[in-house]
Amino acid sequence: MSVAQLVRLSHEQIKPKIGSRVLNTKDELLSGALSGAINELLEARGVLVFEQLNLTDEEQVRFSNSLGGNATEIGVDGGAVFSISLDAKEHSREVIEYLKGSLFWHIDGTMNPVPVRGSILTSKVLPTWGGNTEFANCYAAYDDLPADTRAEIDDLRVIHAMWVSQLYHCPEPTLEQLEDWQSKGSAELPLVWHHKSGRKSLVLGNTAQHVVGKTAEESARILHGLREHATKEPYHYAHEWEVGDSVMWDNTGTLHRAMPYDPDCGRLLRRTILLGEEYFS
Ligand code: OGA
Ligand code: MN
């Protein structure tokens with residue numbers, strides 16, 4: 001029997017309803033022998049933490065590809081590895097402004113009919129203050145709703161738009177700025193994602209504008225009420241970074257956000273994406 005066949009995924013729960021810490025060595029993780037088990041654990045736990053794995057860019061791409069491959073997100077021409085940073089040395093002003101949208105709860109790629117399945121971030125430079133990445137398990141949050149609430153929301157549809165997310169951090173744009181954001185499109189998505197697996201999760205976040213067929217007031221109560229529910233205990237995990245940590249999340253069943261940090265501190269995370277394979281439905 002080869003060494004690879006003997007390797008088992010070694011992990012421990014971080015919290016009952018979200019997050020597991022993976023304990024295997026880098027060699028074991030990069031061998032490819034654990035790919036199926038990692039993907040299963042990711043879907044089950046929402047967030048996987050690999051402390052002090054110290055992946056290089058090249059290793060991170062190999063790891064991502066072994067799990068199902070890389071993609072580039074609509075509107076962000078990042079290549080295989082993308083810098084998550086507000087540093088002017090890393091990005092144009094336009095990209096930096098766009099990235100500020102990540103300071104509020106969101107799902108990546110809601111303008112895309114097949115959003116990315118997940119992402120991996122590796123810390124390279126720590127923030128001087130703040131800058132944790134927070135996650136919320138939207139499968140567990142849905143499952144725990146009262147049955148009558150689940151029945152009420154099960155078939156609702158929600159309009160999502162990139163421009164709506166940008167108003168969170170830039171509430172008074174110029175008309176030109178607003179029209180540029182609006183040119184990135186919008187999408188009508190289910191409020192409850194009925195996954196192929198049979199599981200269901202909430203589709204929320206800062207791109208959610210309004211619930212189709214509801215008044216503005218009712219719609220806001222639904223979207224903000226569910227976001228409040230999904231992002232509190234026991235569905236919430238905050239990762240406090242150390243350089244060399246990697247964190248992977250299931251973008252189809254979680255929300256995430258960056259906590260505020262000094263925009264001039266050089267905080268740098270390197271991100272790879274796992275190719276999406278499931279339509280919002
Ligand atoms: C992302 C993201 C959050 C962070 O990479 O998609 O939202 O903490 N990152 O920088
Ligand atoms: Mn994001």
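Up top is the structure these notes are about.
These numbers come from a predicted model, not from an experiment.

J.: Quick one: what's the story with the site of ligand 1, residue by residue and with numbers?
T.: In the vicinity of ligand 1, the contacting residues are I84, S102, H106, D108, L121, T133, W249, H256, A258, R267, L269 and R271. One of the side-chain nitrogen or oxygen atoms of H256 is found 3.0 Å away from an oxygen atom of ligand 1. Relative to its unbound accessible surface of 290 Å², ligand 1 loses 98% to contact with the protein. Among the elements of the structure, strand 14 (254-258) and strand 15 (268-274) are those that each provide at least two residues to the shell around ligand 1. Across the shell around ligand 1, the residue classes tally to five nonpolar, four polar and three charged.

J.: Talk me through the pattern of salt bridges; I want residue IDs and the actual numbers.
T.: In this structure the tally under the stated criterion is 16 salt bridges. One salt bridge connects D57 with R270, and the closest N-O pair in it is separated by 2.5 Å. Placement of the pair is D57 in helix 4 (residues 57-67) and R270 in strand 15, with a sequence separation of 213 residues. Note on D57: relative accessible area 27%, which makes it partly exposed. Its salt-bridge partner being E97, residue K100 comes within 2.9 Å of it at the nearest N-O pair. Residue classification places K100 among the partly exposed positions, given a relative accessible area of 25%. For E97, a relative accessible area of 25% translates into the label partly exposed. Salt bridges sharing common partners tie together E12, R21 and E51.

J.: Break down empty space enclosed by the protein for me, with residues and values.
T.: Evaluated as defined, the whole model comprises three cavities of 30 Å³ or more. In this model, the second largest cavity occupies a volume close to 40 Å³. Residue lining of the second largest cavity: I84, S85, L86, L99, S102 and Y261, and that is the complete set. Class assignment of the residues belonging to the lining of the second largest cavity gives a composition of four nonpolar, two polar and no charged.

The rules we used
Residues numbered from 1 in each chain as written. Chains lettered and ligands numbered in written order. Predicted model: local features only at pLDDT ≥ 70, side-chain atom pairs only at ≥ 80, totals over all residues. Heavy atoms only, no water. Near = heavy atom within 4 Å. Polar contact = N/O pair within 3.5 Å; in protein donor to acceptor, adjacent residues only side chain to side chain. Areas by Shrake-Rupley, 256 points an atom, 1.4 Å probe, with all protein chains shown as cover. Helix = DSSP H or I, 4+ residues; strand = E, 2+ residues; numbered from the N terminus. Nonpolar A, V, L, I, M, F, W, Y, C, P; charged D, E, K, R; others polar. Salt bridge = Lys/Arg side-chain N within 4 Å of Asp/Glu carboxyl O. Buried < 20%, exposed > 50% of the residue type's maximum accessible area, 1.4 Å probe, protein only. 1 Å grid on protein atoms, 1.4 Å probe; cavity = no way out; pocket = protein on both sides within 12 Å on 5 of 7 lines; lining within 4 Å. Points joined across faces, edges and corners; volume = space filled by probe spheres on them.

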